[in-house]
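Residues per chain, in single letters:
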Amino acid sequence: MKISERWLRAYVDPPISTTELSDRMTMAGLEVEAAEPAAPPFQGVVVAEICAFERHPDADRLNVCQVDAGERDANGGQRLRQIVCGAPNVAIGMKVPCALPGALLPGAVAIGEAKMRGVTSLGMLCSARELGLSTDHGGLLALDGTLVNGQDIREALALDDTVFELKLTPNRADCLSMVGVAREVSALTGAPIQLPTRPAVIPTLTDRLAVRIEAPDLCGRFSGRVIRGVNARAETPDWMRSRLERAGQRSISALVDLSNYVMLELGRPTHVFDLNKLGDASQGLTVRWAHADESLTLLNGQTVKLASDVGVIAASEGPESLAGIMGGEAAAVSLDTTDIYVEAAFWWPTAIAGRARRFNFVTDAGHRFERGVDAQTTVEHLDYLSALILEICGGQAGPIDDQITALPERPPVTMRVARANRILGLSLNQNDCAAVFDRLGFAWTANGATTNDALSEATITVVPPSWRFDLAIEEDLIEEVARIRGFDSLPLRAPLAPANLAAVPGERRTLLNLKRALAARDYQEIINFSFVSSAGEQALGLSQGIRLLNPIAEPLDVMRTTLIGGLLETLQRNLNRSAQRVRLFEAGRVFLRVPGKAGDAFEVAGVEQPMRIAALAFGDSGEPQWGLPSRTVDFYDAKADLEVLLGVNGPNGAFVSDALTFNPLTFEPVTSAGLTSESPGGASAESIGTALHPGRSARVHLHGQPLGWIGELHPRLVSSLDLPRAPIVFELDVEPLLAVSVVKPHEPSKFPQVVRDLALVVGRDCSAQSLLSQLRESIEAVVPDLLQSCWPFDEYRGKGLENNEKSLAFRFVFQDNSRTLNDEEIDRALRNAIAAAAQHCGARLRG
């Protein structure tokens, strides 16, 4: 929301600077995101009147103007200044900005005397764009004829102004107006406030338009008035147009501008209907819920199909306006309008919230009504708007018709002074708190003691004002006390509570440990929304996402079931910015449908929210350097990064631990669709296997249990996402990764290791993982506790082997802590392993 400082100071003018005013508002919760000057800096420009002009003798498009810039000769007589101008809208009597010689315009443009086609020009007549006031360059900027010649243009147009852009939280709907912000500034600074008022309109007509409220759950109050004989072609006053423009509103016509002005000034959205376009006036208007088969063409030209939970204001021929959101085109006012019907209503916030976003737009009216607008002032604000219309557009007004079905209840809220002191760390008494509520304009009553001697009994009961929808509990009042007294006045005190430090279990690590492990592997963490596009989920093979009832944006309509979609979107954004090597990871929850799952205080029934960690690698395997050739990252690079999370850091990927256990991490190749969203490596009715490349992906198991999956993105997705090559991704359940074995110190062996290599010929469908497990079990059966580590180090296919065969080579390391091992026992263990491998998969020793 944009507000003009000059406009604000017209209501409340504290003796503080612009910077301090901005800081005060920000610290009170009205965050000032930006403070920009209303006009760029320039000097030497004054108001001037064109007294005469004639065509330039040597240029058809130039005029030689005689202008009065407020200068006088030695005798006090008028002295005209000759200026050559090429604007098409030059007219005698027109008042325009005139840059005198020596003036400095925006962009450091210096103005001096010049000759234009042989004619002397003593200055420059300016357009709005040349002064940096707008982009309009169609001609000279026409000024109000009442301005004084020679007056500095910055003073005449009130350009020495600052426009604040406020970032308001959703609970502060009362500050979506100049009056609301003025109330806050007055409470913060103690400066008196002067609210805008106008004389009450005395009806001169008896005309009324009947209104019937059929939906009290939609509209709690509806006020309206007929005004006849208005001049819709009247000019919006310059002062009002200036205020509207600085608030970000474009001037349209007098009637529309007046309605917008009242909304910005008082926070009251209103609507003006062309009375002659409302059909049979004898049937009046009906406030109701829309019928499912109805449609409406809106002021923005969009035709929308209405649902039964969308409110409308309907005439005899059907809906004429979306209640509290936008008017219809059929009954819109135009420059030919003479008779109007003006309405101001209170719409229940729950009846307006989210409706405009269904139709892919947001309106200022809807933005205010869905947060809450004062229900007590509809008549007062409607009369204020009527007075403006009669003053600027003329006409005659009828009486106000006011109907009330139900108004918001504002139950009193009680604040204990002792609790406020305990929360804020202050030593306030009842009078201190009451002074804050007085500054805010709250009605209150005190109970109990009023001194610091009995704070435990002192309370203050506040009846929330009609414009504050955010005061419901005791903490809300305590917040008001803190805001108005100033958060910077709160004392800085160290906590005095005893620190009972919990022991960190050695057999469990944290999610932060996992993040640091990936960051150490050159990955960067990202954080994405939990809301994703259903189309994106379906592209990954998912269609069971939990749909949102009220999405914040149309593309974010379901809860994510995987983290991979967010990684791919971030990859695309990086590639669009010429990134060549990308490493990303994210840790967060996914949301899965689990029919029949019971709910409790911490879980939603039918929904599971497991924590996952996912990563993506794209581009070269490493940063360019002279010692290594450049190559693209592949499955095994990402697999090595994944194994870091498990502590797999021995030679060639062998698992190392003090318990001398072996790698609990296994990879099961996936050659067709089979990966699922319910559990990254488990089974479910809904498969996401199509997201991975068949033959270049694998299930990940930890201690035999599904942990996640890893693989190269499917070529179909690579093509649809327009990626230059396929990234490698993996996604894992976090919970199993948090358990780690406790380190147990032991004395290193003083005896030498025995290292043996074994090469076996097996069928191509025999996996190295299954064969290694069989060999290890067979060796352990013969020489228990002697095998320290084992891992595959070579695979060969080619000359000397059949087409359906391959050779796998393994290295075994044996060692004992009490003696030197002999060849006989090691040979016996390996012979047993070879025999077991032959029985397991037909393996034979390679010659």
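Residues numbered from 1 in each chain as written. Predicted model: local features only at pLDDT ≥ 70, side-chain atom pairs only at ≥ 80, totals over all residues. Heavy atoms only, no water.

## Some words on the environment of Val532
- Along the chain, the position of Val532 falls in strand β28 (residues 531–532).
- Remark: the alpha-carbon pair of Val532 and Leu563, spanning 31 residues in sequence, is separated by 9.9 Å.
- Excluding anything up to four places from it in sequence, Val532 contacts Glu537, Pro555, Leu556, Asp557, Val558, Met559 and Arg560. (Helix = DSSP H or I, 4+ residues; strand = E, 2+ residues; numbered from the N terminus. Contact = heavy atoms within 4.5 Å.)

## Points about helix α5 (residues 238–246)
- The complete set of buried residues in α5 reads Met240, Leu244 and Arg246.
- The inward-facing, buried residues of α5 contact β1 (2–4), α1 (5–9), β11 (162–167), α6 (254–266) and α10 (378–393).
- Following α5 by one or two positions, Gly248 adopts a phi angle in the positive range, close to 90°. (Buried < 20%, exposed > 50% of the residue type's maximum accessible area, 1.4 Å probe, protein only.)

## Examining the packing of aromatic side chains
- The final tally for this structure, using the stated rule, is eight aromatic pairs.
- Seen in terms of ring centroids, Trp7 and Tyr261 are 5.3 Å apart; in terms of plane orientation they differ by 10°. Their pairing is stacked. Residue Trp7 is found in helix α1, and its partner Tyr261 is found in helix α6; the two are separated by 254 residues along the sequence.
- Residue Tyr261 is classed as buried on the basis of its relative accessible area of 2%.
- An aromatic cluster is defined as three or more aromatic residues linked by ring pairs; in this entry it consists of Trp7, Trp239 and Tyr261.
- Above the ring of Phe42, the side-chain terminus of Arg154 is found at 4.7 Å from the ring centroid.
- For Arg183, the ring lying beneath its charged end belongs to Trp467, and the centroid distance is 4.1 Å. (Phe/Tyr/Trp six-rings, centres within 6.5 Å; stacked < 30°, edge-to-face > 60°. Lys NZ or Arg CZ within 6 Å of the ring centre and 35° of its normal.)

## Describing the nonpolar core
- Of all hydrophobic cores here, the largest spans 49 residues; its most connected members are Leu8, Met25, Val181, Ile340, Ile389 and Cys393.
- Of all the elements in the fold, those that place two or more residues in this core are α1, α2 (18–27), β11, α4 (178–189), α5, α6, β21 (339–347) and α10.
- The residues touching Leu8, leaving out its near neighbours within four places in the chain, are Ile3, Leu21, Met178, Val181, Ala182 and Val185.
- Judged by nonpolar contacts, the second largest core, of 42 residues, contains Phe273, Leu275, Ile313 and Ile352. (Core = buried A, V, L, I, M, F, W, Y, C linked by side-chain atoms within 4.5 Å.)

## Topic: the pattern of salt bridges
- Taken as a whole and judged by the stated rule, the model has 56 salt bridges.
- Residues Asp336 and Arg233 are paired through a salt bridge, measuring 2.7 Å at the closest nitrogen-oxygen approach. Remark: Arg233 occurs in the loop between β13 (219–228) and α5 and Asp336 occurs in the loop between β20 (326–327) and β21; sequence separation between them is 103 residues.
- When salt bridges that share partners are traced, they join Arg172, Asp174, Glu184, Arg468, Asp470, Glu480 and Arg483 into one network. (Salt bridge = Lys/Arg side-chain N within 4 Å of Asp/Glu carboxyl O.)

## Focus on unusual backbone geometry
- One non-glycine residue with positive phi stands out, namely Ala158, at about 55°.
- Following the sequence through the fold, Ala158 ends up in the loop between α3 (153–156) and β11.

## Comments concerning the layout of surface pockets
- Within this model, the second largest pocket holds a volume of roughly 1200 Å³.
- Around the second largest pocket, the lining is made up of 37 residues, and of these Leu159, Arg241, Ser242, Glu245 and Arg246 lie nearest the centre.
- It is α5 that contributes the most residues to the lining of the second largest pocket, seven residues altogether.
- Residue classes in the lining of the second largest pocket are distributed as 19 nonpolar, six polar and twelve charged. (1 Å grid on protein atoms, 1.4 Å probe; cavity = no way out; pocket = protein on both sides within 12 Å on 5 of 7 lines; lining within 4 Å. Points joined across faces, edges and corners; volume = space filled by probe spheres on them. Nonpolar A, V, L, I, M, F, W, Y, C, P; charged D, E, K, R; others polar.)

## Regarding a negative patch on the surface
- Together, Glu31, Glu33, Glu36 and Glu165 make up a region of like negative charge exposed at the surface.
- Structurally, Glu33 can be placed in strand β2 (residues 31–37).
- With relative accessibility at 48%, the residue Glu33 sits in the partly exposed group. (Patch = residues over 30% accessible without salt bridge, like charges linked within 9 Å, V, L, I, M, F, W, Y side chains within 5 Å. Areas by Shrake-Rupley, 256 points an atom, 1.4 Å probe, with all protein chains shown as cover. Lys, Arg positive; Asp, Glu negative; His and termini not counted. Charge placed at Lys NZ, Arg CZ, Asp CG, Glu CD.)

## A closer look at the side chain of Asp339
- Among the secondary structure elements, Asp339 is positioned in strand β21.
- A polar contact is formed between the side chain of Asp339 and the backbone nitrogen of Gly229, at a distance of 3.1 Å. (Polar contact = N/O pair within 3.5 Å; in protein donor to acceptor, adjacent residues only side chain to side chain.)

## Side note on the side chain of Asp637
- The residue Asp637 is located in helix α17 (residues 635–644) in this model.
- Taking relative accessible area as the criterion, Asp637 reaches 18% and is therefore assigned buried.
- Here the side chain of Asp637 touches Arg631 through a polar contact of 2.8 Å, side chain to side chain.
- The residues contacting Asp637, other than those within four sequence positions of it, are Ser621, Arg631 and Thr632.

## Let's talk about the sheet that holds strand β35 (residues 692–702)
- Taking strand neighbours across the sheet as the criterion, the seven strands line up as β27-β30-β33-β37-β36-β35-β34 in an open arrangement whose pairing is mixed. Every interior strand has two partners, whereas the edge strands, β27 (524–525) and β34 (665–670), have only one.
- In this structure, strand β36 (residues 705–713) lies alongside strand β37 (residues 728–733), joined through five bridges in antiparallel fashion. Paired with Glu712 across the strands is Ile728, a residue of β37.
- The sheet contacts of helix α16 (residues 564–576) involve β30 (582–589), β33 (611–618), β36 and β37, and relative to β33 the element is tilted by about 30°. (Pairing = 2+ DSSP bridges. Axes fitted to C-alpha atoms, helices over the stretch in contact; angles between N-to-C directions.)

## Describing empty space enclosed by the protein
- Under the defined criterion, the tally for this structure stands at two cavities of 30 Å³ or more.
- By volume, the largest cavity is sized at about 60 Å³.
- Surrounding the largest cavity, Ile325, Ile352, Gly354, Arg355, Ala356, Arg357, Phe361, Val362, Thr363, Gly366, His367 and Glu370 form its lining.
- Of all the elements in the fold, those that place two or more residues in the lining of the largest cavity are α8 (355–358) and α9 (364–369).
- When residues of the lining of the largest cavity are assigned to their parent elements, the largest contribution, three residues, is made by α8.
- Here the residues of the lining of the largest cavity are counted per class, giving five nonpolar, four polar and three charged.

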